[in-house]
Amino acid sequence: MSDLANVYQLFRNKFEENDFQYYCPPSYIHTLTENNDKIIFAFRRNTNIPTDMNCIDIKKSPKRNTSNSLDVSGSPLRDVSYEEFEAMEYLKESREHTVENLWTPEEETYGPLATEKARSILQNFINLDCRIGRGSIWTLCSGTDTDRTVLLQLSINSTSNNERQFTRGIVRFTGVHASNDISLSQLIDIHRQRAGDGMKFNPKIQIQQWCKLCPAITVCCSWHTMGESATFSIERNARVRLSQEFPINNGAFSHSSKAQYFWQQLQRLASMREKIMDIRANRESGYACNDFIGEDEMDLEYVKQKVNNILSSFLAVEPTDYKTGSIADTIWQVEKRNLTDVMERLYDALTICSNYDDLKAAIDYIFHLSTHSNIVNVPTNGTRFAQLILAMIQDRLAIPSLTGSEPYELLLECGLNKLMNDYRTIFSESGVYELEFEKLFQPQVTNPRKSRYATGTGPQIDTHHSTKHSASHLFQPTVEERSREKSILLSNFDEDEVKIRINRLAQVHLLLEHLLLLESAVNVSSIYGRVCELYLSQQPYSYGEIYNRKTDLLEFDMDEFMLLGKADQLLPCARRVTMSSTNLLQKMETVFYQNIWPLLPGRLYPQFEHEDDQHSFWCYEYDRIERF
């Protein structure tokens, strides 16, 4: 752990002409050190950043995981067309190159100091009488010196007897070299020359090598090797870590997805939630056209006829006979399945209503059919809508009067129920995982009635129809009706609970997209169950945040030997080799980092520009000397 707050204040007071930051290290330092402890970073802030910079200025460490959780919210926003999505620069780059290099906008403002100036800052600190602190100080250098130094490091450790111990580090750019021209024995010789004859070489060498199975999937193989004749061939005992970045890009992924239908269903539910909230906040927009994601709208008479057939006609509806196959095949079968549940069929019919009034009239028609007709298809699922219909069929309930957002609330509950059933069927029939939505929803539901708007405990004003009704009652009971069964609440909407459910369903959908990508590129079915457990254990992002993200990261360790064979046959896109030498006084560690992209933003180092004419690496050496 670092503790450099006092040192940071000292730097700001003593070296006012420079910029300092005390925070987690930039991506390139994290890549070299694999340490995310806070550091003091010295640089010169560059405010003249070109406004037309595109996402080619990219650096992301192949190991770096910037996603700790998944919140996949809000109303459905406009999706770009798939043609626009295909044309977007970042996707083009991911197809043309095997690795992306991504720097954050903040990192793009860091300008380098002259190397001598950077050395002077660190040396002046050593000369100061500051004995408090533990951690690392880094300076960004211009690379114009003979050694082409791009980073300098000074680590400090104040001991209990008030003595300071220093560790120095230096990162040099060593040029762009063809990947076949780099050998492990060559790197060993470089390290030994730098360590000198007085230090004993430790033959244990750590190697990390990244390769791309496809533009979205990176495999990192890590292993230790011994001996002078070792090579970069991946050893059988290597640890394999797979990183998959699924391209979301503001929801445009759905246009080419095999699971597009189910994402559209989720968009419909999110739209309903927004309409309910609009109506409860007395906004007229809640009563506007349904706008259910481009579904074909039909007139009220057509909907009534369809509803009548569902409830009152004997229909031979055969359940779908699922055939075992790939995940993609199961998705297609579930999408095309015959709807056998009465409420799912009613939900499918009601969603083609063109506006609020038609929806309300269609539900009223269902209620009238339930009390005055012979219903042959009785609903059996546990939604409130089904309970109301069943109670009226059994003559336990008078026809309720729907007000405000109640038509959408009944429809939303049915839609959530149907989509959960769809996802559950996909995962179970494909043999991937048994989804337990009760457990997924349960940890987050703490109070079932904590909406900012009216729930079911008070009156709800229907400004659109200028009629007031109590939302906590289905009807105004007469003396004759008081002996009937207690009324079932129509208004049971909880804003936060519905949001949690939609968020989780969005997380499940992204998991499904990840599995489809894994199936097409890796096709190792034995890993799917563990992938599901790891992914669903994360806190979900909100549904709306998906529109602000380019990718969604899935990262996990694998024990499958077949991937080693695939990785060994591919050209690596990055490599990190660590070796060390010691004597009684000090230890020297060298990290050789190679990547097909530069480690630092290229615009800062125009002297390093290079034309790529073959598979080549940008090579860096990071020497770290620790004195005992």
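Rules of the game
- Residues numbered from 1 in each chain as written.
- Predicted model: local features only at pLDDT ≥ 70, side-chain atom pairs only at ≥ 80, totals over all residues.
- Heavy atoms only, no water.
- Phe/Tyr/Trp six-rings, centres within 6.5 Å; stacked < 30°, edge-to-face > 60°.
- Buried < 20%, exposed > 50% of the residue type's maximum accessible area, 1.4 Å probe, protein only.
- Axes fitted to C-alpha atoms, helices over the stretch in contact; angles between N-to-C directions.
- Helix = DSSP H or I, 4+ residues; strand = E, 2+ residues; numbered from the N terminus.
- Parallel < 35°, antiparallel > 145°, perpendicular 65-115°, else oblique.
- Left-handed = near helix turned anticlockwise from the far one by under 90°.
- Contact = heavy atoms within 4.5 Å.
- Nonpolar A, V, L, I, M, F, W, Y, C, P; charged D, E, K, R; others polar.
- Core = buried A, V, L, I, M, F, W, Y, C linked by side-chain atoms within 4.5 Å.
- pLDDT = per-residue confidence, 0-100.
- Polar contact = N/O pair within 3.5 Å; in protein donor to acceptor, adjacent residues only side chain to side chain.
- Salt bridge = Lys/Arg side-chain N within 4 Å of Asp/Glu carboxyl O.

## Topic: the packing of aromatic side chains
Each aromatic ring pair is specified by the distance between its two centres and by the angle formed by the two planes.
Now for step 1: For the structure on display, the rule yields 23 aromatic pairs.
Now for step 2: Between the aromatic rings of F11 and F15, the centroid separation amounts to 5.4 Å while the plane-to-plane angle is 50°, which identifies the pairing as tilted.
Now for step 3: With a relative accessible area of 0%, F11 lands in the buried category.
Now for step 4: Their ring planes at 70° and their centres at 5.2 Å tell us that F11 and F20 sit as a pair that is edge-to-face.

## Points about the packing of helix α11 (residues 342-350) against helix α14 (residues 406-429)
Now for step 1: It is at 10 Å that the axes of α11 and α14 come closest, and there the two elements cross at 120°. The angle between the axes of α11 and α14 places the two elements in the oblique class. By crossing handedness, the relation of α11 to α14 is classed as left-handed. Contact residues: M343, E344, Y347 and L350 in α11; L411, C414, G415, K418 and N421 in α14.
Now for step 2: For the contact of α11 with α14, the per-class residue count stands at 5 nonpolar, 2 polar and 2 charged.

## Overview of the nonpolar core
Now for step 1: With 149 residues, the main nonpolar core has Y28, F41, L140, L151, F385, F427 and L518 as its most contacted residues.
Now for step 2: In terms of residue count, helix α16 (residues 495-521) provides more of this core than any other element does, 12 residues in total.
Now for step 3: Within the second largest apolar cluster, 22 residues are counted, among which are V7, F20, A118 and I126.

## Observations regarding the confidence of the model for the protein
Now for step 1: Residues with a pLDDT of 70 or more make up 80% of the protein, whose mean pLDDT is 81.
Now for step 2: Predicted confidence for residues 466-486 stays below pLDDT 50, and this span has 34 contacts to residues more than four positions away or in other chains.

## Digging into α11
Helical geometry: 3.6 residues make up each α-helical turn, so side chains three or four residues apart lie on a common side.
Now for step 1: Along α11, 8 of the 9 residues are buried, which leaves the element largely enclosed by surrounding structure.
Now for step 2: Taken together, the buried positions of α11 are occupied by V342, M343, E344, R345, L346, Y347, A349 and L350.
Now for step 3: For α11, the elements touching its buried residues are α8 (260-280), α9 (300-312), α12 (356-372), α13 (384-393) and α14.
Now for step 4: The distance from a side-chain oxygen at the start of α11 to the backbone nitrogen of M343 is 3.0 Å, and the residue carrying that oxygen is D341.

## A few points about the environment of L4
Now for step 1: Relative to the helices and strands, L4 resides in the segment before α1 (5-14).
Now for step 2: Residues L4 and Y22, 18 residues apart in the sequence, show an inter-C-alpha distance of 7.9 Å.
Now for step 3: In this structure, L4 is in contact with Y22, I40, G133, R134, G135, S136 and I156, ignoring residues within four places of it in sequence.

## Some points on unusual backbone geometry
Now for step 1: In the Ramachandran plot, E34 falls in the positive-phi region, its phi being about 55° despite a non-glycine side chain.
Now for step 2: Here E34 shows up in the loop between α2 (27-33) and β2 (39-45).
Now for step 3: Take E34: its relative accessible area is 35%, and that puts it in the partly exposed class.
Now for step 4: Of note in the backbone geometry, N282 takes a positive phi value of approximately 60° without being a glycine.

## What about the pattern of salt bridges?
If charged atoms from side chains of opposite charge come close, those side chains can pair.
Now for step 1: The tally for this structure, following the rule as stated, stands at 25 salt bridges.
Now for step 2: Between D557 and R241 there is a salt bridge whose closest N-O contact spans 2.8 Å. Residue D557 is found in strand β16 (residues 551-558), and its partner R241 is found in strand β12 (residues 239-247); the two are separated by 316 residues along the sequence.
Now for step 3: With a relative accessible area of 26%, D557 lands in the partly exposed category.
Now for step 4: Classification of R241 by relative accessible area gives partly exposed; the value is 21%.
Now for step 5: In this structure, R549 engages D552 in a salt bridge whose closest nitrogen and oxygen atoms are separated by 3.1 Å.
Now for step 6: Looking at D552, the relative accessible area reads 0%, which means it is buried.
Now for step 7: Among the charged side chains, a salt-bridge network with shared partners connects R172, R194, E621 and D623.

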